[in-house]
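If you want the building blocks of each chain, they are given just below.
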Amino acid sequence: MLKLRSVFSKSKSNNLFHLRSLTKSSTSQSSPPAYDFSRYSQNAFSFSKHSSLPAPASISRVPPSRSFATDSEARDSIEYDVVVVGAGPAGLSAAIRLKQLCHQKGADLSVCVVEKGAEVGAHIISGNVFEPRALDELLPQWKQEEAPINTPVSSDKFWFLTKNRAISLPSPFHNKGNYVISLSQLVRWLGTKAEELGVEIYPGFAASEILYDANNKVIGIGTNDMGIAKDGSKKENFQRGVEVKGRITLLAEGCRGSLSEKIMGKYNLREKGGAQHQTYALGIKEVWEIDEKKHQPGEVVHTLGWPLDHKTYGGSFLYHMKDNQISIGLVVALNYQNPFINPYEEFQKFKHHPAIRPYLEGGTVIQYGARTLNEGGFQSIPYPVFPGGAIIGCSAGFLNVPKIKGTHTAMKSGMLAAEVTFGVLNEVLDMDMYWNALRNSWIWDELYKARNYRPAFEYGLIPGLALSGLEHYLLRGKHPFTLKHGKADHEATNAAQLHSPIQYPKADGVLSFDVPTSLHRSNTNHEHDQPPHLRLRDPKIPETVNLPVYAAPESRYCPARVYEYVADEHNQLKLHINAQNCLHCKACDIKDPKQNIEWTVPEGGGGPGYSVM
Amino acid sequence: MKIMVAIKRVIDYAVKIRVKPDKTGVVTQNVKMSMNPFCEIALEEALRIRESGLASEVVAVTMGPSQCLDTLRTGLAMGADRGIHVESTSALHPLHVAKILRNLVENEKPSLIILGKQAIDDDCNQTGQMVAGLLNWPQGTFASKVVLDKEKEEVTVDREVDDGIETVQLNLPAVITTDLRLNQPRYATLPNIMKAKSKPIKKFTPQELNVEIKPDLEIVEVTEPPKRKAGVMVSSVDELIHKLKNEAKVI
């Protein structure tokens, strides 16, 4: 019997397939003193292939969840006072605030942040014109501490685009005092600040499930099992996930967070908060290094109109950062009706506009990425507290749509949650106080004033603009009515027969590019041999509904070309999911007409690698 | 028996690299760095040997600026017992690394040094061979299988060579460099990452190890490979011959 010394001793039961304690899985053989590595070749742990090893109970089926279903083996469990899911602006602000309170009051709380990206900042992408209001409260010495915030806004332009012209309009934004930044860089800096204060941050670990106790209270999260092959079997390097338990769990997964959506469903948080459904937009962005003669640090440009039609809400942004870099992108609201719309191609088209292309000519693209963002604003804020924790940041949804800023409110929401959490762990407060804290804060005030801008566009572009003007110059949110959102984004898609296909121009390779080229620039990667993380609730729906009725919108709105319909040997089009391309934008989870696509979190460490986005 | 593993911090393999505008190198600012994949395989092999009971300690060595500590901690999280960081801000070429490793070996006295066959940033494929040369130790490079016989103090290495697999038997102490198919490295688990924080890391400078970092190579220029030109369809064999003769000038 081949015996291996177990170096890592656990308090829980033997991990049958753990690499280190192989006593159960090895075959009997005459045992030479030599160590034969051939036993541990690729096939050693994919039992479905290796005939001489005893096959365990059930291996051939694809497990329904990411934790290997037959494992009765317990996972390792680590306990903290507070567990934060997501190392973004909200999550890190909450963690930092908690540690600050600990230092102030002489308390000691252990805070752990788990992050699915390979590094802090790898999954962070945003415009971004940053309002430092929350950061001034959190880390007032940010300038001295060399936060990567050094390009103040120098000009604010607002254009209405037609196919060939750009009509200057008075800018509705007041960006004086704000900065053009890379949010990925700022979050990385926040991460170092958090670690300095004693926060433990673990990138590369994806929180894939919520842990509950016997009373249905949330007691933490479980991370993904790693090393599962596409067919569900365990690979050589299989590693069971761990349970990260917290007395309080804060979900900060960003827009359309997978665990947050589950929690909101389970505890009916939207109803509880009297909220409408959330509405979303898809933002597609590139960072370019341009000709320095064309570069004006701090220049901010926003456009409306072309290439989007009057029924489709959205607009573009072009921000000049430092080092001759600019951020350029297009945001398309996901309640668009024409299923043939391809937001990625609209963005590529946009870059050719005569007012835009001069900036880009002679430049090179450095990075590409995409992410959905919340547009529901005030009307869609759910009750953010659940037994055992709270939802913070964009997972709840505090983005100020007319300002197009959500970072400052996300950070503030994290800070407020931290303050209440501190009280809860010292047994003087109830987590429900977080709801009160939000409503008494400037987040509420700001979002309330901004509440009617976006819903007005339900009536079309011109009425929307007219109301925006009215709001901005006259009413400023001081009216008794609150407009409602229209249909949910996925319900807004019309049947394909009501529209005709859109012919998008071919990429020229200089200003516009094809998806594979862009995807390469996002530094996206996933371990390819893993079960696809995009799950179809009903595997027949793509071919019976999406394709015939809606002309396969997922093959058009996905900015990573994950969904492709490919003809099989009978010449029938079948859905092919290239999960490895996924940018974690969540557009499919939002826009699929039958809500058939469920975005679940893949193995930690995969996904895009944003550094200047 | 002690095993020393050399690991290198390189640009992550999934990153799209860009050449710096001044053509002196590749942009490394704000770019994700990771452990060289072949070094991961080397470390994995060392860990498996230790887990089989044939070695007592795995020491991970890395060289470079202070950020290399991240890579070293990842190595410790995978399971290495101790780390050594040779700190240097100047560029280290394979010969420097080999000399430093040789001098470290005099202190540590491992029976086996395992390295990745090459680093994915420079693709040199030299360090392992140079270390073996400097130490006068046998080497088994491009290893796709490693079998250690502790009693006979031998290691049998299957090497991936151009015409197939070559098996060599080396007396210990020896140098092995790993190729892709040797093993599949393990993931560092959360508990192990936490444990790694308290594992000891010893710091050295090249001067302390009596190695002078004198650049003996100068990088003159770094450029992107030329863009692939579109193919041309020819209409006849004669046209093909004409083009091969007059345009491509290969016949």
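Residues numbered from 1 in each chain as written. Chains lettered and ligands numbered in written order. Predicted model: local features only at pLDDT ≥ 70, side-chain atom pairs only at ≥ 80, totals over all residues. Heavy atoms only, no water.

As annotated in an unreviewed UniProt entry, chain B carries the name Electron transfer flavoprotein subunit beta and comes from Stylosanthes scabra. The record held by UniProt for chain B lists under Function (unreviewed entry) the comment "The electron transfer flavoprotein serves as a specific electron acceptor for several dehydrogenases, including five acyl-CoA dehydrogenases, glutaryl-CoA and sarcosine dehydrogenase. It transfers the electrons to the main mitochondrial respiratory chain via ETF-ubiquinone oxidoreductase (ETF dehydrogenase)." In its Subcellular location (unreviewed entry) section, UniProt records this for chain B: "Mitochondrion matrix". (UniProt positions renumbered as here; feature names shortened; annotations may be inferred.)

Chain A is annotated in an unreviewed UniProt entry as Electron transfer flavoprotein-ubiquinone oxidoreductase of Stylosanthes scabra. One UniProt comment on chain A, placed under Catalytic activity (unreviewed entry), says "a ubiquinone + reduced [electron-transfer flavoprotein] = a ubiquinol + oxidized [electron-transfer flavoprotein] + H(+)". One UniProt comment on chain A, placed under Function (unreviewed entry), says "Accepts electrons from ETF and reduces ubiquinone."

This part covers the UniProt feature "domain: ETF-QO/FixC ubiquinone-binding" (unreviewed entry) in chain A. According to UniProt, the positions carrying the feature "domain: ETF-QO/FixC ubiquinone-binding" (unreviewed entry) are residues 280–373 of chain A. Note that residues 280–373 of chain A is 13% helix and 46% strand, and that its end C-alpha atoms are spaced 6 Å apart. (Helix = DSSP H or I, 4+ residues; strand = E, 2+ residues; numbered from the N terminus.)

A few words now on the environment of A450 of chain A. Residue and element names in this part refer to chain A. Among the secondary structure elements, A450 is positioned in the loop between helix 10 (442–449) and helix 11 (453–456). The exposure class assigned to A450 is buried, which follows from its relative accessible area of 11%. A sequence separation of 72 residues divides A450 from F378, and the C-alpha atoms of the two residues are 7.8 Å apart. When sequence neighbours within four positions are dropped, the list of residues in contact with A450 reads N400 and P402. (Buried < 20%, exposed > 50% of the residue type's maximum accessible area, 1.4 Å probe, protein only. Contact = heavy atoms within 4.5 Å.)

As recorded in UniProt, the feature "domain: ETF-QO/FixX C-terminal" (unreviewed entry) lies at residues 509–611 of chain A. A helix fraction of 24% and a strand fraction of 16% characterise residues 509–611 of chain A, whose end C-alpha atoms lie 23 Å from each other.

A word on the packing of aromatic side chains. Residue and element names in this part refer to chain A. Applying the stated criterion across every chain, the model contains 11 aromatic pairs over all chains. With centroids separated by 6.0 Å and ring planes inclined at 90°, the aromatic side chains of F158 and F173 adopt a geometry described as edge-to-face. Taken together, the positions of F158 in strand 4 (residues 155–161) and F173 in the loop between strand 5 (166–169) and strand 6 (179–180) put the pair 15 residues apart, joining distant regions of the chain. No difference in accessibility class separates F158 from F173, as the two residues are buried. By the ring-pair criterion, three or more aromatic residues cluster together here, those being F378, Y383, W435, W444 and Y448. (Phe/Tyr/Trp six-rings, centres within 6.5 Å; stacked < 30°, edge-to-face > 60°.)

All names here are of chain B. Ordered by their spatial adjacency, nine strands build an open sheet running 9-8-7-10-6-1-4-5-11, and the pairing between neighbours is mixed. Edge positions in the sheet fall to strand 9 (164–171) and strand 11 (201–204), since each has one partner strand and no second. For this sheet, the mean inter-axis angle between neighbouring strands, taken without regard to orientation, is 30°. For strand 7 (residues 139–149) and strand 10 (residues 174–178), the ladder comprises three bridges, and the chain directions are parallel. Bridge pairing in strand 10 links G140 to I176. Lying on the sheet, helix 1 (residues 37–51) is in contact with strand 1 (2–6), strand 4 (57–64), strand 6 (112–116), strand 7 and strand 10; it crosses strand 6 at an angle near 150°. Contacts from helix 2 (residues 68–78) reach strand 4, strand 5 (82–87) and strand 11 within the one sheet, and its direction differs from that of strand 5 by about 165°. (Pairing = 2+ DSSP bridges. Axes fitted to C-alpha atoms, helices over the stretch in contact; angles between N-to-C directions.)

Contacts between the two partners involve 40 residues from chain A and, on the opposite side, 40 residues from chain B. When chain A packs against chain B, close to 3,700 Å² is buried across both sides, 57% of that on carbon and sulfur atoms. Between the two partners, chain A and chain B, sit three salt bridges. The salt bridge involving E200 of chain A is made with K197 of chain B; its shortest N-O contact spans 3.8 Å. Going through the elements one at a time, strand 1 (77–85), strand 7 (200–203), strand 10 (226–228) and strand 11 (234–239) of chain A are the ones with two or more residues in the side of chain A that touches chain B. Looking at the side of chain A that touches chain B, its residues break down into 19 nonpolar, 10 polar and 11 charged. (Buried area = accessible area lost by both parts, 1.4 Å probe. Salt bridge = Lys/Arg side-chain N within 4 Å of Asp/Glu carboxyl O. Nonpolar A, V, L, I, M, F, W, Y, C, P; charged D, E, K, R; others polar.)

It is worth spelling out the side chain of N128 of chain A at this point. Residues and elements named next belong to chain A. Note that N128 resides in the loop between strand 2 (111–115) and strand 3 (129–130). Of note is the side chain of N128, whose polar atom sits 2.8 Å from the side chain of S126. Within the local environment of N128, its side chain forms a polar contact with the backbone nitrogen of F130, the two atoms lying 3.2 Å apart. In this structure N128 touches Y179, V180, I181, L183, Y319 and T407, once residues within four positions along its chain are discounted. (Polar contact = N/O pair within 3.5 Å; in protein donor to acceptor, adjacent residues only side chain to side chain.)

This part is about the UniProt feature "domain: Electron transfer flavoprotein alpha/beta-subunit N-terminal" (unreviewed entry) in chain B. UniProt's feature table lists "domain: Electron transfer flavoprotein alpha/beta-subunit N-terminal" (unreviewed entry) at residues 23–213 of chain B, given in the numbering used throughout. The distance from the first to the last C-alpha atom of residues 23–213 of chain B is 23 Å, and the span holds 30% helix and 30% strand.

This next bit is on the packing of helix 1 (residues 89–105) of chain A against helix 8 (residues 407–425) of chain A. When two helices pack together, their arrangement is given by the angle between the helix axes and by the axis-to-axis distance. Residues and elements named next belong to chain A. The geometry of helix 1 relative to helix 8 is characterised by a closest axis approach of 7 Å and an angle of 40° between their N-to-C directions. Considered as vectors, helix 1 and helix 8 are oriented oblique to each other. Taken as a pair, helix 1 and helix 8 cross one another with a handedness that is right-handed. Residues P89, A90, S93, A94, R97, L98, L101, C102 and K105 of helix 1 pack against T407, A410, M411, G414, M415, A418, E419, T421 and F422 of helix 8. A per-class count over the contact of helix 1 with helix 8 returns 11 nonpolar, four polar and three charged. (Parallel < 35°, antiparallel > 145°, perpendicular 65-115°, else oblique. Left-handed = near helix turned anticlockwise from the far one by under 90°.)

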